[in-house]
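Spelled out from the first residue to the last, the chains are:
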Amino acid sequence: MEILSVEHLNFRYPKSKTNALNEISFKLEQGDFAVLCGATGSGKSTLLRMLKKEISPLGEKSGEISFCGISLEKLANRQSATEIGFVMQRPEQQIVTDKVWHELAFGLENLGLSHETISCRVAEIACYFGIEKWFDREVAELSGGQKQILSLASVMVMNPKMLILDEPTAQLDPITASDFMNTLYRLNQDFSLTILLSEHRLEDALPHADKLLVMENGRLTADGEPHKVIAEMRDNAELICGMPSASRIYLELGAKGECPLSVREGKRFIQQYKNEIRQTEIKEYTHSKNKALEMKDVYFRYERNLPDILSGLDLTVYEKEFFCILGGNGSGKTTTLSVASGIKKALSGKIEIFGKNIRSYKNQSLYRECVALLPQDVQMLFLCNTVREELEDAQCSAETLPFDLSALMEQHPYDLSGGEQQLLALAKVLAQKPKLLLLDEPVKALDSASKRRLAEVLLKLRDSGVTIVAVTHDVEFASEYADRCAMFFRGKIVSQGEPKQFFSENSFYTTAVSRMTREMYSNAVTVSDAVKLCRINGLKGTENDT
Amino acid sequence: MKSFSSMHPITQAVWFILTALCVMFSMNPIIAVVSFTGAFVLYIFRNGAKGLKTHLWFFAMWIGIVIINPLISHNGATVFLVINKQPITMESAVYGAVSGTVILSVLYLFRTFSQIMTSDRLMYLCGKLSPKLSLVMSMALRYTALFTQQTRKVQQYQKATGLYKEDNIIDTIRGGVRIFSIMLTWALEHGITTADSMTARGYGTGKRTQYAVYRFSSADTVMLILSVLFGAVTFTAQISGKMNMEFYPKLSLTEITPHGITGYISYGILVILPIVSEITENIKWKYYLSNI
């Protein structure tokens, strides 16, 4: 049964010259799991918001959207509120009340349901999502993943027929994100719930999807079964770099047959090759002799009777190095950066920055031409109305930057995309000419094209002599760009090394490519490694062309 | 049966209001002592012997009142001694002692009250008056927590990105202004998303109801009836002047009549109700454990 149909939808924001959405038509059947992908600014969010009339943006609209055969405008308010669920990107901001149980009941209270109905529905939903344990807690105490599960549960409690999610996992770490995807898949399977999801991280989402919608510049350019849609994507580099690793290998090799999506399918795909040669040469990496940051036996905790967050941390980063710290949530990665940048004082242990003890940097001199820390949420740094004022405020001249912000000068910082915000924040920080740059989750919530752009900027900075330490969850990012990586666990570093060796030794905390190829190749961790090896080996039953 | 701490918010609120009102509007040494003993025992029962320092402060305050009152008020017939041509009277000291005890017992009552009446219980009570008010309060609480968290973070990161130049007051003030400005934008942006999330979940489509996790059980009924009954008896005794106390010029307690005695006894029972409820629960639990 058809649940949603969009026909010839056009939309233009007020004061804008071009259409944000152009002639969009598609249909969803009941029980579809559809993924909407596209670069930042391609109109994904606008389209999703058009489908939920309470939060549709204002502007000129033409075309027809109907839900269960009823035009969206004619849909009763109550029906629209209950039957179309909407989950947003930032869990922090969509939670309304202070207690978990109250948040779950919020939607039902709005509908004016009786106390008995509410308590029954709330109980059911808390069970299904495993919320019982933290049912009485305050929202402020929850982790990011729990908050997003709560947002989902408090929408699901209204029994929607269709669920729309706008980049729901952008703020989560990969493991939590993959759990969240599995929950969505379970909802889809258990209740035949129709799901429409926009997402950057397709590695987890696509294997579940029945339908892939691709948006480019406000147009819907592809709509169909994921294997087929991706196989036809060959010439669009921007889009391809966001696809799952298996599909990227397939596309780069220009292979024939069904396009693989998951790690399992990717492994089968690579097994079609001869795979006699197991590894490529590794480029020797030698670090500089001088230490940029040295932490020795550092201990830290937030309160006297709380456990140690850092317990005996030893960490050495050499000059002109791009160093990535990986690890699970709450393992102390962010705290390490706070301690290394002096905003939190270590309980004991030695911290030296460029060979000088951190305590001997007096009167804020640590932050002048020495260390800079970029927070996870870069919006914390913005206080002006335009990018230009923002740069003037930091006394930063746009010409000296290693990247170009000139096109964005008159925009409000909050209106920039995630990647652009990251660059603007970087620009503000670079004005102090730091030699050691500490970054907290720089690529979180970025689409793959912006990720690549940011990485290029960072590599350029490194080549100009800046030491970079980045905390990240993104193993793909670290494997591709870092000089050295370290794995954090319970307050200290448990292993470190160069990415190729580091990731091929790990068997769980590693890239999708490494998981796919570990039996065939010994050190393939990135898509280009795998592609190279497949090319060298050649398909079974063909002559080697090398 | 439930212990007093886990009873319905309305039951708890009624008890607290009655007990506190009775003691606040009577300047009667017996009522004051009974009320203080009850409030103190209830507090100790729930918290144990922790926080000795605060208890000491409270008693120091009591002693302070006993000393200061005769120094300020010189009414009364029985003069102890004369300081600086001003008489220090016994009546005034006793008045200080009684009012000190009243204050102390109200303080202890409120300490227990603030522990038992958590924010969601208070919110529920507000919601009985108006569901909208309770939602606003809930949102405000959530928002305050978020706002403080965010402000602290912004402050640290502003520092770490080298935006303060020196360690001096002017720079710190300027930093404060910057942080305020950042927080303002953040709050507006945040508010819009929250509003979207509210309308998306049907806020404003009709009349709201209030959901609460509390149930009104038989124990609540019993407790409520007892509280109101004994509270009312005490009040009538008070209003009819059977429990009055004259301090000046000479100490004199109204002649003790049967009506007055019923007043004292019912206040005693009122004060002891929650303690009895807590103790019975404790005994029941111990008994239950010993039977496993």
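Quantities reported herein were computed from a predicted structural model and do not represent experimental measurements. (Residues numbered from 1 in each chain as written. Chains lettered and ligands numbered in written order. Predicted model: local features only at pLDDT ≥ 70, side-chain atom pairs only at ≥ 80, totals over all residues.)

A. Region of the structure containing the overall build of chain B. Per the secondary structure count, chain B includes nine helices and four strands. N-terminal to C-terminal, the α/β element order of chain B is α-α-α-β-β-α-α-α-α-α-β-β-α. A globule of 292 residues ought to have a C-alpha radius of gyration of about 19 Å, yet chain B, at 26 Å, is considerably larger. Seen through its principal axes, chain B has C-alpha atoms that stretch 70 × 60 × 45 Å. Considering chain B as a whole, with its 292 residues, one finds that 29% of them fall into the buried category. (Helix = DSSP H or I, 4+ residues; strand = E, 2+ residues; numbered from the N terminus. Rg over C-alpha atoms; globule rule 2.2 N^0.38 Å. Buried ≥ 20, exposed ≤ 12 C-beta atoms within 10 Å, placed from the backbone.)

B. The arrangement of the overall build of chain A in detail. In terms of helices and strands, chain A carries 20 helices and 20 strands. Scaling as 2.2 N^0.38, a compact globule of 546 residues should have a C-alpha radius of gyration of about 24 Å, and chain A matches this with 25 Å. Taken along its principal axes, the extent of the C-alpha atoms in chain A is 70 × 65 × 50 Å. Here chain A, with 546 residues, has 50% of them falling under the buried criterion.

C. Structural view of the nonpolar core. Among the nonpolar cores identified, the biggest contains 179 residues, and Ala-34, Val-35, Ala-153, Leu-438 and Ile-468 of chain A are the most heavily contacted of them. With 23 residues, the next largest nonpolar core counts Leu-18, Cys-22, Val-102 and Leu-104 of chain B among its residues. (Core = buried A, V, L, I, M, F, W, Y, C linked by C-beta atoms within 7 Å.)

D. The interface of chain B and chain A, seen in detail. At the interface, 45 residues of chain B touch 54 residues of chain A. For the side of chain B that touches chain A, the elements supplying multiple residues, two or more each, are helix H6 (131-160) and helix H7 (169-200) of chain B. With 14 residues, H7 of chain B is the largest single contributor of residues to the side of chain B that touches chain A. Looking at the side of chain B that touches chain A residue by residue, the class counts come to 15 nonpolar, 17 polar and 13 charged. (Contact = placed C-beta atoms within 7 Å. Nonpolar A, V, L, I, M, F, W, Y, C, P; charged D, E, K, R; others polar.)

E. Representation of the packing of H6 of chain B against H7 of chain B. All names here are of chain B. Packing of H6 against H7 leaves a shortest axis separation of 10 Å and a crossing angle of 130 degrees. Here H7 runs oblique to H6, going by the angle between their axes. Seen from above, H6 lies across H7 with right-handed handedness. Counting all contacts with H6, which are made through Phe-147, Gln-150, Thr-151, Val-154, Gln-155 and Gln-158, the residues of H7 involved are Gly-175, Arg-178, Ile-179, Ile-182, Met-183, Trp-186 and Ala-187. Residues belonging to the contact of H6 with H7 are distributed by class as follows: seven nonpolar, five polar and one charged. (Axes fitted to C-alpha atoms, helices over the stretch in contact; angles between N-to-C directions. Parallel < 35°, antiparallel > 145°, perpendicular 65-115°, else oblique. Left-handed = near helix turned anticlockwise from the far one by under 90°.)

F. Here's a closer look at the environment of Leu-71 of chain B. Residues and elements named next belong to chain B. With respect to the helices, strands and loops of the structure, Leu-71 is situated in helix H3 (residues 52-72). For Leu-71, a count of 14 C-beta atoms within 10 Å translates into the label partly exposed. In the structure, Leu-71 is positioned 22 residues away from Ala-93 in sequence and 8.8 Å away in space, judged by C-alpha atoms.

G. Up close: the sheet that holds strand E15 (residues 356-357) of chain A. Residue and element names in this part refer to chain A. The strand order across the open sheet built from four strands is E12-E11-E14-E15, with neighbouring strands paired in antiparallel fashion. Single-partner strands in this sheet number two, and they are strand E12 (310-318) and E15. Against the sheet, helix H13 (residues 333-340) touches strand E11 (291-300), E12 and strand E14 (348-353), its axis set at about 115 degrees to E11. (Pairing = 2+ DSSP bridges.)

H. Highlighting the environment of Arg-278 of chain A. All names here are of chain A. Examined against the element boundaries, Arg-278 turns out to sit in the loop between helix H12 (263-270) and E11. Between the alpha carbons of Arg-278 and Thr-542 there is a distance of 18 Å; along the sequence they are 264 residues apart. In contact with Arg-278, not counting residues within four places along its chain, are Tyr-521 and Ser-522.

I. The arrangement of the environment of Gln-150 of chain B in detail. Residues and elements named next belong to chain B. Relative to the elements of secondary structure, Gln-150 occurs in helix H6. According to the C-beta neighbour criterion, Gln-150 is buried, with 20 such atoms within 10 Å. Measuring from C-alpha to C-alpha, the distance between Gln-150 and Val-79 comes to 61 Å, with 71 residues separating the pair along the chain. Discounting residues that sit within four places of it in the chain, Gln-150 has contacts with Met-183 and Trp-186.

J. Region of interest: the sheet that holds strand E18 (residues 467-471) of chain A. All names here are of chain A. If you walk across this open sheet you meet the six strands as E16-E17-E18-E13-E19-E20, and the pairing is mixed. Lying at the two open borders of the sheet, with one neighbouring strand each, are strand E16 (371-374) and strand E20 (492-497). Within the sheet, the average angular offset between the axes of one strand and its neighbour, ignoring direction, is 20 degrees. Across five bridges, the pairing between strand E19 (residues 484-489) and E20 is antiparallel. In the strand pairing of E20, Met-487 is matched with Ser-495.

K. Quick peek at H12 of chain A. Residues and elements named next belong to chain A. Of the positions making up H12, those classed as buried are Gly-266, Phe-269 and Ile-270. Within H12, the buried residues cover an arc of 90 degrees as seen down the axis, which keeps them to one side. Tucked into the core, H12 has its buried residues touching helix H11 (245-253), helix H19 (512-517) and helix H20 (527-537). (Arc of directions from axis to C-beta.)

L. Structural view of unusual backbone geometry. Here the bond from Tyr-248 of chain B into Pro-249 of chain B is cis, since omega is -5 degrees, no more than 30 degrees from zero. Along the chain, Pro-249 of chain B falls in the loop between strand E3 (245-246) and strand E4 (252-253). Unlike most non-glycine residues, Ser-192 of chain A shows phi in positive territory, near 50 degrees. Within the secondary structure, Ser-192 of chain A is located in the loop between helix H7 (174-191) and strand E8 (194-198).

M. Quick peek at the packing of helix H4 (residues 100-110) of chain A against helix H5 (residues 115-128) of chain A. Residue and element names in this part refer to chain A. Look at H4 against H5: their axes get within 10 Å of each other, and the N-to-C directions meet at 130 degrees. Put simply, H4 runs oblique to H5. Once H4 is placed against H5, the crossing between them reads as right-handed. Every residue of H5 that contacts H4 at Trp-101, Leu-104, Ala-105, Leu-108 and Glu-109 is listed here: Ile-118, Arg-121, Val-122, Ile-125 and Ala-126. Residue classes in the contact of H4 with H5 are distributed as eight nonpolar, no polar and two charged.

N. Summary view of the pairing of strand E13 (residues 322-327) of chain A. All names here are of chain A. Summarising burial for E13: six of the six residues are buried, a large majority. The side-chain alternation of E13 yields two buried faces, one formed by Phe-322, Cys-324 and Leu-326 and the other by Phe-323, Ile-325 and Gly-327. When E13 meets E18, the two strands line up parallel, connected through four bridges. Of the residues in E18, the one forming a bridge with Phe-322 is Ile-468.

O. Broad picture of the confidence of the model for chain B. Across chain B, the average pLDDT comes to 87, with 97% of residues at 70 or higher. The ipTM assigned to the predicted complex is 0.82, against a pTM of 0.82. (pLDDT = per-residue confidence, 0-100.)

P. Spatial organisation of H7 of chain A. All names here are of chain A. Counted at 1.5 Å a residue, the expected span for H7 with its 18 residues is 26 Å, and the 26 Å between its end C-alpha atoms agrees. Those residues of H7 not exposed but buried are Thr-176, Ala-177, Phe-180, Met-181, Leu-184 and Asn-188. Across the axial projection of H7, the buried residues extend over an arc of 145 degrees, all falling on one side. What points out from H7, more than 90 degrees from its buried face, is the exposed set Asn-182, Gln-189 and Asp-190. For H7, the elements touching its buried residues are strand E3 (33-37), helix H6 (144-156), E8 and helix H8 (202-205). Looking at the residues trailing H7, positive phi occurs at Ser-192, about 50 degrees. (Expected span 1.5 Å × (residues − 1).)

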